[in-house]
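# Structural characterization, general
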Amino acid sequence: MLSSCFVLLLFMLSVYMVRGETTADIRKESENSDEATKFLRLRMAINCTDRDIVYEKKVHSNYWVLVNYVPAEHGSLRCSVFITYTTHGDYRYLNNVAPLVERWRAPISLALYAPGTDFNKTVSSILWLRQCDPQRKLIRKWILLAKQIKCTKVPPFANVSSDELYRKQMELKYPINVGRNIAKEAALTHYVLSSDIELYPSPGLVNGFLLMLAANMHLLNSTRPLVFPLNIFEVSANSTVPTTKKELKYKLKTGQAIPFHRDIAPQFNIAPNLKKWIQHVDYSDTMRVFCVNKRIGYWDPIYIGTKQDPVYDETLSWEGMSDKATHSFALCLMGYRFHTLDNAFLVHRPGINQGYLDDERLRLAAHIRRKLRRQLLIEYFYKYGFQLGCIL
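Here is what the cut-offs are and how they apply
- Residues numbered from 1 in each chain as written.
- Predicted model: local features only at pLDDT ≥ 70, side-chain atom pairs only at ≥ 80, totals over all residues.
- Heavy atoms only, no water.
- 1 Å grid on protein atoms, 1.4 Å probe; cavity = no way out; pocket = protein on both sides within 12 Å on 5 of 7 lines; lining within 4 Å.
- Points joined across faces, edges and corners; volume = space filled by probe spheres on them.
- Helix = DSSP H or I, 4+ residues; strand = E, 2+ residues; numbered from the N terminus.
- Nonpolar A, V, L, I, M, F, W, Y, C, P; charged D, E, K, R; others polar.
- Buried < 20%, exposed > 50% of the residue type's maximum accessible area, 1.4 Å probe, protein only.
- Phe/Tyr/Trp six-rings, centres within 6.5 Å; stacked < 30°, edge-to-face > 60°.
- Pairing = 2+ DSSP bridges.
- Axes fitted to C-alpha atoms, helices over the stretch in contact; angles between N-to-C directions.
- Contact = heavy atoms within 4.5 Å.

The next point concerns the layout of surface pockets. Gaps left between atoms show up when a probe the size of a water molecule is rolled over them. Within this model, the second largest pocket holds a volume of roughly 390 Å³. Every residue lining the second largest pocket is counted, 19 residues in all, and those nearest its centre are His-190, Tyr-191, Leu-219, Leu-220 and Thr-306. Going through the elements one at a time, strand E8 (226-229) and strand E12 (303-306) are the ones with two or more residues in the lining of the second largest pocket. Residues of the lining of the second largest pocket, tallied by class, amount to ten nonpolar, seven polar and two charged.

In structure tokens, the structure reads:
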């Protein structure tokens, strides 16, 4: 039975942002015929099926979902040619769409949580982005919605406090992993980067990754499951987001940047060999695998993987803070290898996170950690088996 299907809605914005070229057109910038051959081999080696964008209304867990409610107009898309950035949020976070589009330049699948009165505000915010945002020409190229609105100087999603949200007024939890799973499921590509909407990728990541993969075809035939983590950083509020590793290293050296959540939760966010990664000098901008690890400690990486990787546990919410823990634990138990990429990274929207001061949320987080160890630990051992060194 749907316990909340009439009051909750997981609103699906399919923001697939693709230039629309053929595979050959995309590679015109390179006149290297050997490189073109590698890409053709890569396309043939990736086992995926092309799909069309189809609008549908369906039920997922206890939520109504409008899939491809705002479709892109790129038409058919080869599943092996791009990577989809899959993410989630509510309408307050739509101020991240323009910088994401500008840096990613590839498909984006965004699941927006819009229960109750938040639904109309969400639609108005999407319309404002497409018709009024300074980057509207870039956004409109890839987002299709016919309705017209009167542009206001301030967007509907600006300066909205959490207290104004319907879910906060109704004391609803934010189903973060439902959003992650729906956005990932809707992606039309084989490879996906399941990320958080405030994490901005280094430019050229999609093309660089596919070039790296084309030059290392053995990774497609690995007997062990594998994913490709990205190191994550934060920058100060008055700093620009770095575009290259060279620029990132300078900001780290001058204190304008730090590793993600270094001061509040390093055990979950600091990757193995991060110091060596930072110190390593390679200004060629060529993407490659920097190191290969098992999951170590409580590390919860964000990575490029495939749609076949395990889903996120939908019993966990944003409020409990441990929403990625069971997912990383499952990857560890399944024997995944983590191929950390060099010359590719994520940077959080400017502003250093100072931690959480909400006592109620901290108490809930402590309760969730106890639940993970007492209940879910055993469940995951039964489901995936035991692996020495895997912890939750």
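Turning our attention to helix H7 (residues 176-186). Residues lying three or four places apart along an α-helix face the same way, a consequence of the helix completing one turn every 3.6 residues. A large share of H7 lies buried, amounting to ten of its eleven residues. Listed in full, the buried residues belonging to H7 are Ile-176, Asn-177, Val-178, Gly-179, Arg-180, Asn-181, Ile-182, Ala-183, Lys-184 and Ala-186.

How two aromatic rings sit relative to each other is given by the distance of their centres and the angle of their planes. Under the definition given, this model contains 13 aromatic pairs. On the numbers, 6.3 Å between centres and 80 degrees between planes, the contact of Tyr-63 with Tyr-113 is edge-to-face. Of the two residues, Tyr-63 is situated in strand E3 (residues 63-67) and Tyr-113 in strand E5 (residues 108-113); the sequence distance between them amounts to 50 residues. Assigned by exposure class, Tyr-63 and Tyr-113 land together as buried. Between Tyr-380 and Tyr-384 the ring centres are 5.7 Å apart and the planes differ by 45 degrees, which places this aromatic pair in the tilted class.

With that settled, consider the sheet that holds strand E7 (residues 199-201). Read across the open sheet, the four strands follow the order E7-E14-E9-E10; overall the sheet is mixed. Every interior strand has two partners, whereas the edge strands, E7 and strand E10 (257-259), have only one. The mean inter-strand angle of the sheet, taken between neighbouring strand axes irrespective of direction, is 35 degrees. As paired strands, E7 and strand E14 (residues 345-348) are joined by three bridges and run antiparallel to one another. Residue Tyr-200 lies in a different strand from E14, and its bridge partner there is Val-347. The strands that helix H9 (residues 245-253) touches are strand E9 (231-235), E10 and E14; relative to E10, the one it contacts most, it runs at about 95 degrees.

In this structure the tally under the stated criterion is four cavities of 30 Å³ or more. Quantified by volume, the largest cavity comes out at close to 70 Å³. Around the largest cavity sit 13 residues that line it, and Leu-230, Asn-231, Ile-232, Asn-269 and Trp-299 are the ones nearest its centre. Looking at the lining of the largest cavity, its residues break down into ten nonpolar, two polar and one charged.

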